[in-house]
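# A structural walkthrough
Read off the chains here:
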Amino acid sequence: MMSSSLDKNKRSRGIRGRCLWCVNCVKWIPVLFIVTIVVWSYYAYVIQLCFLTVPNAVERVFYLLGYHALFIIFMWAYWQTIFTEIGRVPNQFRLPPSEVEKLAEADTEDAQRQVLERFAQNLPVTNRTVTGAVRYCHKCQHIKPDRAHHCSVCGECVLKMDHHCPWVNNCVAFTNYKFFILFLGYALLYCIFIALTSLKYFISFWRVSILNELKEMSRFHILFLFFVSVMFAISLVSLFGYHCYLVLHNRSTLEAFRAPVFQAGPDKDGYSLGKYNNFQEVFGDNPKTWFLPLFTSCEEQLERSPQPSPALLVPIECPA
């Protein structure tokens, strides 16, 4: 009997492991789609447009230099957004087993609230639930720091969570928000540059294609390249503009939909330090690194963190 139950447990763990592996593979499909589009655009622009279509050598060199500069920094920002570790909640916010047991044994909501209040009295938290209680994650079993939220995809609470983005297969949050903004901005510039530099050849090939039914494959690549770049640029304009607005007001996407609650009540501008300081909180103090996908010093952000939100003053796992 015991051996059969052990075999059943092993089989169930094996099935769960395979299912988890399949789920993790599926999560990468949007990223692979973006990478495939970018790789094809590289071929279409560099080979089909610059080398096989552009007749002027000076124009070709200008196009190649501008394109590769944008391509490198765009892919650099995309890489950083994908592979930067999320900001995890520090251990001091986690309830010890004795406190978890007290919380489970509490009969009423007020009793549970008292347990959490006692544990959180020495923690730098000011955010509350809509009922005024300390924010607690039952899945992670810890007090939530200010601006932290539980991500159901990542399976844990994330510091200053903005949203989980399937296109980067990662949470956009405290540690990679700068990279995400740069990714959007450079992706927009990348698309605009391609659209503008291929426009005259698009017009020329479009006229020819009407008469000759678009027989040459190079024309197809350039025509399609122009359409794709314009389509992505239009979609990126609104998204990039919206996140620029959030940066200047020091809000996350979640906070834009629901204002954070403090002890005095909800306040949508509770973290705002003024537009310039809000910008620096994300991009850092050094103007030379503002627009490079380099890590902003965690110390710089902690020193500038708003007074109503001292939760980030505790040690956190900053990227190396």
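As recorded by an unreviewed UniProt entry, the chain carries the name Palmitoyltransferase and is attributed to Gryllus longicercus. Within the UniProt record for the chain, the comment given under Subcellular location (unreviewed entry) is "Membrane". The Sequence similarities (unreviewed entry) comment attached to the chain in UniProt states, word for word, "Belongs to the DHHC palmitoyltransferase family."

Moving on, we get to the overall build of the chain. Within the chain, the secondary structure is distributed over 10 helices and eight strands. By the burial criterion, 46% of the 320 residues in the chain qualify as buried. Intrachain contacts of the chain at a sequence separation of at least 6 include 62% that bridge at least 24 residues. Of the accessible surface of the chain, which amounts to about 17,600 Å², a share of 65% is contributed by carbon and sulfur atoms.

By the element assignment, histidine 142 lies in strand E2 (residues 142-143). Overall, histidine 142 belongs to the buried group, its relative accessible area being 3%. Sequence separation between histidine 142 and proline 90 is 52 residues, and the spatial gap between their C-alpha atoms is 9.4 Å. Leave out the neighbours within four places in its chain, and histidine 142 touches Val89, Phe93, Arg94, Leu95, Tyr136, Cys137 and Cys157.

A few words on the pattern of salt bridges. As enumerated under the stated definition, the model contains six salt bridges in all. Measuring nitrogen to oxygen at the nearest pair gives 2.8 Å for the salt bridge that ties arginine 147 to glutamate 255. With arginine 147 in the loop between E2 and strand E3 (149-151) and glutamate 255 in helix H8 (residues 253-257), the pair connects residues that are 108 residues apart, well separated along the chain. For the pair formed by arginine 147 and glutamate 255, the shared burial category is buried. For the salt bridge of arginine 251 with aspartate 269, the shortest nitrogen-to-oxygen distance reads 2.7 Å. Taken as a pair, arginine 251 in the loop between helix H7 (217-248) and H8 and aspartate 269 in the loop between strand E8 (265-266) and helix H9 (275-283) lie far apart in primary sequence, 18 residues in all. Judged by relative accessible area, which is 10%, arginine 251 ranks as buried. Here the residues in one salt-bridge network are Glu85, Arg88 and Glu156, joined through shared partners.

As for its placement among the helices and strands, isoleucine 181 is situated in helix H6 (residues 177-212). With 59 residues separating them in the primary sequence, isoleucine 181 and phenylalanine 240 have C-alpha atoms 7.1 Å apart.

What follows deals with the nonpolar core. In terms of nonpolar packing, the biggest core is built from 53 residues, with Tyr45, Tyr67, Tyr177, Phe183, Tyr190 and Phe283 touching the most fellow members. For this core, the elements supplying multiple residues, two or more each, are helix H2 (29-51), helix H3 (57-83), H6, H7 and H9. In terms of residue count, the dominant contributor to this core is H6 (17 residues). In this structure tyrosine 177 touches Asp162, Val172, His243, Leu246, Val247 and Val282, once residues within four positions along its chain are discounted. Counting residues in each nonpolar core, the second largest holds 17 residues, with Leu103, Phe119, Ile143 and Cys157 among its members.

Let us now look at the UniProt feature "transmembrane region" (unreviewed entry) in the chain. Following the UniProt record, the feature "transmembrane region" (unreviewed entry) maps to residues 21-41, 61-79, 179-203 and 223-248 here. Annotated as residues 223-248, this span is 100% helix and 0% strand, and its ends, taken at the C-alpha atoms, are 38 Å apart.

End to end, H2 covers 31 Å across 23 residues, agreeing with the expected 33 Å (1.5 Å per residue, within 8%). Those residues of H2 lying buried are Pro30, Val31, Ile34, Val38, Trp40, Ser41, Ala44, Tyr45, Val46, Gln48, Leu49 and Cys50.

What follows is about the packing of aromatic side chains. Using the criterion set out here, one finds 28 aromatic pairs in the structure. When the ring of phenylalanine 33 is compared with that of tryptophan 167, the centres are 6.2 Å apart and the planes differ by 50°; the resulting orientation is tilted. Of this pair, phenylalanine 33 sits in helix H2 while tryptophan 167 sits in the loop between strand E5 (163-165) and strand E6 (170-172), and the two are 134 residues apart along the sequence. Judged by relative accessible area, phenylalanine 33 falls into the partly exposed class, the value being 42%.

Cut-offs and rules
- Residues numbered from 1 in each chain as written.
- Predicted model: local features only at pLDDT ≥ 70, side-chain atom pairs only at ≥ 80, totals over all residues.
- Heavy atoms only, no water.
- UniProt positions renumbered as here; feature names shortened; annotations may be inferred.
- Helix = DSSP H or I, 4+ residues; strand = E, 2+ residues; numbered from the N terminus.
- Buried < 20%, exposed > 50% of the residue type's maximum accessible area, 1.4 Å probe, protein only.
- Contact = heavy atoms within 4.5 Å.
- Areas by Shrake-Rupley, 256 points an atom, 1.4 Å probe, with all protein chains shown as cover.
- Salt bridge = Lys/Arg side-chain N within 4 Å of Asp/Glu carboxyl O.
- Core = buried A, V, L, I, M, F, W, Y, C linked by side-chain atoms within 4.5 Å.
- Expected span 1.5 Å × (residues − 1).
- Phe/Tyr/Trp six-rings, centres within 6.5 Å; stacked < 30°, edge-to-face > 60°.

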